[in-house]
Every structure is written in C-alpha cells, then in structure tokens.
Number of protein chains: 2
Amino acid sequence: MAKEKKLVEAITSMDEDFAQWYTDVVKKAELTGYTSVKGCMVIKPAGYAIWENIQKELDARFKETGVENVYLPMFIPESLLQKEKDHVEGFAPEVAWVTHGGLEELQERLCVRPTSETLFCDLYAKEIQSHRDLPKVYNQWCSVVRWEKTTRPFLRSREFLWQEGHTAHATAQEAEERTIQMLNIYADFCEQVLAIPVIKGRKTDKEKFAGAEATYTIESLMHDGKALQSGTSHNFGDGFARAFGIQYTDKENKLQYVHQTSWGMTTRMIGAIIMVHGDNSGLKLPPRIAPVQAMIIPIQQKKEGVLEKAAQLEEMLRQAGVRVKTDVTDKSPGFKFAEQEMRGIPVRIECGPKDIEAGQVVVARRDTGEKITVKMDELAVKVPEILDGIQENMLETARAHRDSHTYVATNYEEFVGTINEKPGFIKAMWCGDQACEDKIKEDTAATSRCIPFEQEQLSDVCVCCGKPAKKMVYWGRAY
Amino acid sequence: MAKEKKLVEAITSMDEDFAQWYTDVVKKAELTGYTSVKGCMVIKPAGYAIWENIQKELDARFKETGVENVYLPMFIPESLLQKEKDHVEGFAPEVAWVTHGGLEELQERLCVRPTSETLFCDLYAKEIQSHRDLPKVYNQWCSVVRWEKTTRPFLRSREFLWQEGHTAHATAQEAEERTIQMLNIYADFCEQVLAIPVIKGRKTDKEKFAGAEATYTIESLMHDGKALQSGTSHNFGDGFARAFGIQYTDKENKLQYVHQTSWGMTTRMIGAIIMVHGDNSGLKLPPRIAPVQAMIIPIQQKKEGVLEKAAQLEEMLRQAGVRVKTDVTDKSPGFKFAEQEMRGIPVRIECGPKDIEAGQVVVARRDTGEKITVKMDELAVKVPEILDGIQENMLETARAHRDSHTYVATNYEEFVGTINEKPGFIKAMWCGDQACEDKIKEDTAATSRCIPFEQEQLSDVCVCCGKPAKKMVYWGRAY
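Keep in mind that this is a model prediction, so the values were computed, not measured.

1. A word on the relation of the copies chain A and chain B
Expressed as a screw operation, the relation of chain A to chain B combines 0.0 Å of axial shift with a rotation of 180°, fitting to an RMSD of 0.0 Å. Here the transformation between the copies is reduced to the relation of a two-fold axis. Ranked by how close their C-alpha atoms come to the rotation axis, the residues of chain A are headed by Val98(A), at 2.1 Å. Both copies present the same face, since 100% of the interface residues in chain A are matched by interface residues at the equivalent positions in chain B.

Structure follows, in structure tokens:
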C-alpha cells in the first residue's frame, strides 16, 4: 500500500507546475530513462512503442504517395556542410564534430548530421542527369544531433529520432505541390491519429528553415497554452540545386536546375501527445496510437475461473483487432488501476467473480472516467466502438481547448495584456516587417507561429506598429 | 539498343572476378550509391526495401518471444566505454570520437557507438533493483560506426545498420537459454526467409566477442567458397554486471549479479543474399524477402488493351497477396527483362497481344530461367505456388552448393592443399590450443569459423599439431 500511495502522490498537479507535471508523467509512465550521456535520453519500451506506431502510420501514408525509403551516412564532411551559405550559418553553431577515427586525427572534420539536406544534394547531383530521373521522392528514418544547451525529454534533446523527406522535381510547381501535399499528410495524421488539431500555415522569413524559399508548418496548442511546431515542410526552390550543381537535361535537351523540398516530423510529437491530452492522473493516449488499447484487470484473481475468463476475453478482443493485454501481476487492483491510468491506456476492463457470475464486465474510459457495464458476449463489438468514441472525444476536447484559448488582439496593449494573462494563440494583423516580430519577441517572448492558410481580416493595421497590415498571423509563446 | 547492351555487358563474370562481379551487382541492381563520406555508403531504395523486409520479419519473431524495442543514445562517454576491460580493448582502436559540441570543446570525449553493451549496462544498473524487474529483454534498431580501413558495400563499412538485443536475467541458465533461443531465431530466419543454410556453433575463445563468456554464431558459405559470419549471440555471464554493478535482490532478499546476453544481425545479410544466390545476370532475391516478387512486363504495350490487361493482372495478383509491379516505362521489353533479372525479381510475367488473345501469359522464373505458360484466370493461384517453389529451390540449391564445398581434412598437408585448391568449408579436428588457430591463420589465411553443435569424430588428433583432438571445427577463409 505504501508503494501504491507513492505512485499517485508523486505526480505534481498540472495547474500547479506544468513543467514538473510533464517531467513526472514522462518518468512515471516509463517513457524515457536517464543516461550518463548529457542532454540525451533513453526511449524506454512504452515510449518507443508509441514511436513505432507513429512510424507505421506515417510511413504507410508516405508510401501511398510514392515515397521511397533510403539510408544516408550519419556524417557530413565540413566542406559539404558549407556549400549552401544560409544552411551552414543556421546549423554550424549547434553540431557535434568528429575529429578522430580510430587512433588517427581526420584530415577533415565530420559533423554528425543535424539534418541531411547537404547529403541528399550530394547524392542527387550524382544520380540526376535526365528528366527521366525525376522526380526523386526519398525519405529516411534516422536520428539527428543538435548540440542544445538546455534539454527536455522529447521536446529538446541533443539527439532525437525523426524522418526527413527530400525530393527533387523538374518544375517549381511540382515542388510546391509536393511541399503542400506532405504538410497535409502531417496535418491529417495529427488530427486523425494523434487527435491533435493543428493550424496550417506558412512561416515568416524570420522563422523559416535555413536555406528554404518557403517553410510551411503545422502548429498545435498544448494544455498550458504554449504552442508547439509539430511538423514542417520546406520548398527550397532551386537554391540548393544551384549550390550543389544538381541539373538535368529536359525534353528539349536543355540543362535545367531541379527544384527541391524537404519535410520532417520527430519524436517531439510524443511530447505533444503528453501535453495536449494528459491530466493529473498521467498520460492519456489516443486509441489509434496507443500500443495497448485495452488493459484487462482481473479482480480477486486467485479465485477459481477469474484468470481463465480474463484470458478468454483477451483472446476475444484480440480477434476483434483490439491491442489488448491482461495485468496478471500480483499487485493490488487499485495499484493496477493507477498504473493503467498513468500509462494512458484508453480503456480498462475490470473482471472479477461477481462480474463473471453476472456475465458482464465494467469498461472504464480513460478519457472521461466513465464506467460502462458491458455484457461479455458483446465485448468484441462494444470495445472497438468505445475506442472510436474516445478517439473522437479526445480530438473534440483538444479542439475545444485550442479554440477557447485562441484570442484576437487588434492593438498592442491588448496583445501584451493577453499574452501575459491568457496563455494561448493570439490572432493579430501584421505589416510584414521583421522589426515588429523582433519587438514582439523582445517585449513578450511570443513569436510568429505562422501565417495561416485561412486568413481573416481582423483590422487594417499591424498590431505592433500600426502601419497597413498585410497578413493575419498566429502568435504565441512556444516550446 | 546501345544502352541495353551496356546494361548486360557491364557485369563482370562471377567466375572471372568474384569481387568485381559483387561490386557490379551492387551498383547495377541499384542497391547502394556513392557518397562523399569516405567508407560510408548510401543505401538506395532497392537496397533499403530489402532491409525493411529483414526488419519486419526479424522484429515479428523477436516480439513473439517477449522482446521490447528501445532507443539509446548514439554517443558513449569515454569513461563508460572503459568500464569493462576486454570490451574497451576490443573496440577502442576502431571508434570515431566526437571532441566538439557546437563551438566548444567537450570536457570528455564521446565515441560514436560501435555497439551498445556499455550503455545498456548503464541503464540496467539504474533500472534493476529487484527480481521483479527481471528479465529485461530489450532490442534496438540503429546504426553503428566502426572505423574500418578497407570497406565494401554491406560487407564492411564505417557505418552500418543493425539490431542489437541486450538482455538481463536472474540466472545463468536463463541467460544461456536466451542466447541459444536468439541464435535459433537467426538460423531459422536465414534458412526460411533468406534461403541461406547455416552452420550453428560456438566461437573459439580467440574469435569470441570482446567481453563475452561465450559467443555463438551462424556461418554461411558464399558462392565463391568464402565463409560469412551471419549472426552472433553472446552470453556475457556476470562479467559486465560485475564491472557495472548491476545487482538485484532475490526472493530471499540477497543481492545477486544479473546474467546478460547480447545478439545482433546487420545489413551485411544483404551482402550474403547477393553472394549466395546471385549469378551472371545479377541479383536473385528469395521471394519471401523480395520487395517486388513479380514484375509484369507488357509486350507491344501501345497496342489497344495491353496496358489495361496488365493492370487487371496486377490487381488480381495484389489481391492474392503477391507484391507486384508493372513496368510501364517506354524502354524496350528486352531492356526491361534484363533489368528485372539484374534486380533479382523472382518472377517476370510477360503479357502481349498474342497472350491476351490466347487468354494466357508467360511466367519466367528468375532462379531457373524456366518459362511457364499460365492461363490468366489461374494466375492468382499459380504465381504464389511458383514463388513457393522458387523459395524452396533456392534454399536447396544453396544447401547443395554449401555441402559440395564442405571438405574434410585429417592431416595438415590435406588441410593446406584443400584450402588452396578448393574454396569452401573444411571440417577438421582441433586440440583446443590457440597456437594451432594462429598457425593455421598464418599459413593459410583461414580462421576457425565455429565449433559446430553437430560434432563428428573425424579422427583422434588435431589437424595442425597432432596432439589429442577435443573438438571438430569448421574452418575457412572468411569475409
């Protein structure tokens, strides 16, 4: 009982200290572990299984659009990194350098990839000669390294896992279409699978990727009102192609530069799942991404027939396509309940001698806490229905939270007041000058999240300088 | 036609120059690409798709035995690497060192993981307290780096992909059982999926893993008669546990050291597939691992109805569970045939106007070259049967080759003569002294491949020194 109490007590309330709550959940739900490597994390089985599901879902969506997977080296020679000016300026300050191989000093330093644009360009320069070689639509699943000063599990760590897609196209139009297509895949995936609603839009020049012509983003809102950039898709135009000499002969036998894109999503999304859906009992996983969707918890499991019945129900649910487990450890039911809630398993199925006698079980929803009595012979139909209901409810709950924490500011006083008192997104008009972005960031620590595709005309003037406005922008403090 | 000719001409005959033949196949089948990073390779879509299938098959087999996937950092602090004496001696000379992060020099050098025993031990020392925490059966899919001087695609490169399983158990017996269990999984996978027969056995002390108590191996024989170590499984006993202080309290509340294992298989197996099955027309993929199992090649595809029929057949085969594609490019059929053969696609389905009229197609087997006429409405039944037949035939062919290239030597003269004249495995008795292994290696460049589980008593004396023999050993020159 002492250990049970500890499990529940040890979580900080999210309203009291959101950052500490996050750290507690990550630890108590056993998503990550500590390591002797500063700034890096161990992703433990419960965390990695979420990543495996993210990979499976995204990879299938990618392949439907013709994406092919490849693997490129983890090292980038310093001279290769330097080929595109904006790109090297953006990344060089935060990379790790390999200087020795075996017992010898290298002639040229190698950086551990922070991203692989330069390597893909190097490959494409060799592989692309003719219009017949286009398009190239490659992706890789790998880890990347960025030497961050302050780190937090999933949100910011020196090494993280991601996928990075890199494509080359004959025309600017085709490249733009691919950029938007991948952004839409990310957005659909977030909403349909992770139950996280997103704002789609374009980054300002200040916030765009180093070397990109345009960066598109999906932005989501965490429970504490801070924004999280959740996936980006970049159109490079022919900038990298010119720097790396990636040319093809078109149908008229003329030399042309290719047009390129890149797009990525990372283990950061596990942090988003925690911060969008979690509560004071712990993690709350949307059923479509949950490694375990239903946990059967036997009550008085030493009584005759209880474990046998639990095993029957487990098999019945597995046949129905539910990812299900039974907790047969010798912990108390109360402890098992707390653990299942902490780990975010969408439904708990309680099954004891009385239930067996009555031919029914209690199904408890993790999202609402609701307890539903279900006849055992209807379980295989009802549980998938309940899981669908949870998925839908979690998306709607997250959307309602996001919408009720999205504010409008039409003048600077209002803007500053809102950002300080009401954490969330602020929609406000902008003149297009970086000076205003800089001032807002300095005064409020808020950044422009994106210029949303769905524009509204909130007023005619910039919320910061009062000059004529060009665009409506989503602003917010961000992770 | 000029290009067609080039495609076929460019392959060196395997009997003329096996090493060059290998390089040609890797390049022409588009498995890897060159990169500016010395000693590293780009794994291209056709190569990576094979690795994805290897991952899928192995991962499912692992998970059936309770394996959980995790991800650990790619960096190992120098002090951590040094904790186990034999281990650091084995690996330190061939690792890459990170000395700078961002603009600053690191206080302690980090090596890029050559293998992750030390990181798993560091994790287990923190995670394991009680017998309730055991066993831990973790695995990770990742890349590792070993600073090799001479490199070849898949067989030996500075960075390669693999899985590494690391387990901790309460008893020595349980650790030994897990070691053998994983070796058996590798062996079954090689035989059943890759159609590569293997010899299971134990490595001699000279050849075992740095830090292991026992290393078990599966050894396969390439077409040129050289051996390839194809997967290893190590029993560490409690050596690492003592070096890292990994202890648990048993049921009697006494402190005990855990017993550990590790086991791995790598992208090297793609090299094995090439060298076991390939021929002078190129790659030959076993159907169970082939990303594309059947390629439909339309003949006179501009004639009315040809492409429509090809699309119908493709859909019919897909419904039947065949991984199928249609080559609709504007290349000539002859060129497409050569390409399909080069890429090792198990069957080709030729479909032209005459075939359509007759309601049948020609199915060409990549393994035997046999052409089989199949009625269109029987295709969905026949093609899976033909694929099963190819899978079986490829395993039997490889086994026959291996067996006919396995020799026995009972004295040293015979041993040296055989190794120089008849490339293959040599079975010979051994006294157990490393001095004899050293002498054999110096005289013949052959190494002890393994002490096979299936022992035979070929004679009473060591083939090298003539002293009483303890074990029969498989010897051979190896990759």
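2. Some details on the packing of aromatic side chains
Residue and element names in this part refer to chain A. Applying the stated rule across the entire model yields 34 aromatic pairs over all chains. Measuring from centroid to centroid gives 5.3 Å for Phe 62 and Trp 263, while their planes differ by 65°, and the two rings are edge-to-face. Here the residue Phe 62 occupies a position in helix α3 (residues 45-64), and Trp 263 occupies one in strand β14 (residues 259-266), the gap between them amounting to 201 residues. As far as the burial class goes, Phe 62 and Trp 263 line up, both buried. Residues Phe 425 and Tyr 474 carry aromatic rings whose centres are separated by 5.2 Å and whose planes lie at 80° to one another, so their mutual orientation is edge-to-face. You can see Phe 425 sitting in strand β21 (residues 425-430) and its partner Tyr 474 sitting in strand β23 (residues 471-476), a full 49 residues away along the chain. Accessibility assignment for this pair places Phe 425 and Tyr 474 in one class, buried. In this structure an aromatic cluster arises from ring pairing among Trp 51, Phe 62, Trp 141, Tyr 186 and Trp 263.

3. Remarks on the environment of Met472(A)
All names here are of chain A. Here Met 472 shows up in strand β23. For the pair Met 472 and Glu 456, spaced 16 residues apart in sequence, the C-alpha separation works out to 6.4 Å. Residue contacts for Met 472: discarding those within four places in its chain leaves Lys 427, Ala 428, Met 429, Ile 451, Pro 452, Glu 454, Gln 455, Glu 456 and Leu 458.

4. Regarding the UniProt feature "domain: Aminoacyl-transfer RNA synthetases class-II family profile" (unreviewed entry) in chain A
Summarizing the sequence annotation, UniProt attributes the feature "domain: Aminoacyl-transfer RNA synthetases class-II family profile" (unreviewed entry) to residues 45-286 of chain A in the numbering used throughout. Here residues 45-286 of chain A runs as 33% helix and 32% strand, with 18 Å between its end C-alpha atoms.

5. Focus on the sheet that holds strand β4 (residues 75-77) of chain B
What the six strands build is an open sheet, ordered β4(A)-β6(A)-β5(A)-β5(B)-β6(B)-β4(B); its pairing is antiparallel. In this open sheet, the two strands that pair with only one neighbour each are β4 (75-77) of chain A together with β4 of chain B. Adjacent strand axes in the sheet meet at a mean angle of 45°, parallel and antiparallel pairs treated alike. In the sheet, strand β5 (residues 96-101) of chain B pairs with strand β6 (residues 104-112) of chain B via four bridges, with the strands oriented antiparallel. Directly across from Val98(B), in β6(B), lies its bridge partner Leu110(B).

6. As for the pairing of strand β9 (residues 199-202) of chain B
Residue and element names in this part refer to chain B. Across the two faces of β9 the burial differs, with Ile 199 and Gly 201 buried and Lys 200 and Arg 202 not buried at all. As defined by bridge partners, β9 adjoins strand β10 (residues 214-221) across four bridges and the pair is classed as antiparallel. Opposite Gly 201, over in β10, you have Thr 217 as the bridge partner. Alignment of β9 against strand β22 (residues 447-452), held across two bridges, turns out to be antiparallel.

7. Focus on the environment of Pro93(A)
Along the chain, Pro93(A) turns up in the loop between α5 (85-91) and β5 (96-101). Residue classification places Pro93(A) among the partly exposed positions, given a relative accessible area of 43%. On a C-alpha basis, the gap between Pro93(A) and Tyr479(A) in space is 20 Å, while along the polypeptide they are 386 residues apart. Setting aside residues up to four positions removed in sequence, Pro93(A) forms contacts with Val88(A), Gly102(B) and Leu103(B).

8. As for helix α14 (residues 412-421) of chain A
Residue and element names in this part refer to chain A. Among the residues making up α14, those that are buried are Tyr 412, Phe 415, Thr 418 and Ile 419. Looking straight down α14, one finds its buried side chains confined to an arc of 130°; they lie on one side. Opposite its buried face, α14 presents the exposed residues Glu 413 and Glu 421, each directed more than 90 degrees away. Turning to α14, the residues buried within the fold contact β20 (406-408), β21, α15 (434-444) and β23. Between the side-chain oxygen at the start of α14 and the backbone nitrogen of Glu 413 there is a gap of 3.2 Å, and the oxygen is on Asn 411.

9. Description of the pairing of β23(A)
All names here are of chain A. Across the six residues of β23, five count as buried, placing the element largely inside the fold. Pairing of β21 with β23 involves five bridges; the strand directions are antiparallel. Bridge assignment links Ala 428 to a residue of β23, and that residue is Val 473. Where strand β22 (residues 447-452) and β23 come together, three bridges link them in antiparallel fashion. Note that in β23 the partner of Cys 450 across the bridge is Tyr 474.

10. Some words on the pattern of salt bridges
Overall, the coordinates contain 62 salt bridges over all chains when judged by the stated rule. Asp438(A) serves as the salt-bridge partner of Lys206(A), at 2.9 Å between the closest nitrogen and oxygen. Placement of Lys206(A) in the loop between β9 (199-202) and β10 (214-221) and of Asp438(A) in helix α15 is noted, with a sequence separation of 232 residues between them. Assessed through its relative accessible area of 29%, Lys206(A) is described here as partly exposed. Note that Asp59(B) and Lys63(B) form a salt bridge whose closest N and O atoms lie 2.8 Å from each other. Here Lys63(B) and Asp59(B) lie together in helix α3 (residues 45-64), a separation of four residues that amounts to about one turn. Note on Lys63(B): relative accessible area 38%, which makes it partly exposed.

Calculation rules
- Residues numbered from 1 in each chain as written.
- Chains lettered and ligands numbered in written order.
- Predicted model: local features only at pLDDT ≥ 70, side-chain atom pairs only at ≥ 80, totals over all residues.
- Heavy atoms only, no water.
- Least-squares fit on C-alpha atoms with pLDDT ≥ 70 in both.
- Contact = heavy atoms within 4.5 Å.
- Phe/Tyr/Trp six-rings, centres within 6.5 Å; stacked < 30°, edge-to-face > 60°.
- Helix = DSSP H or I, 4+ residues; strand = E, 2+ residues; numbered from the N terminus.
- Buried < 20%, exposed > 50% of the residue type's maximum accessible area, 1.4 Å probe, protein only.
- UniProt positions renumbered as here; feature names shortened; annotations may be inferred.
- Pairing = 2+ DSSP bridges.
- Axes fitted to C-alpha atoms, helices over the stretch in contact; angles between N-to-C directions.
- Arc of directions from axis to C-beta.
- Polar contact = N/O pair within 3.5 Å; in protein donor to acceptor, adjacent residues only side chain to side chain.
- Salt bridge = Lys/Arg side-chain N within 4 Å of Asp/Glu carboxyl O.

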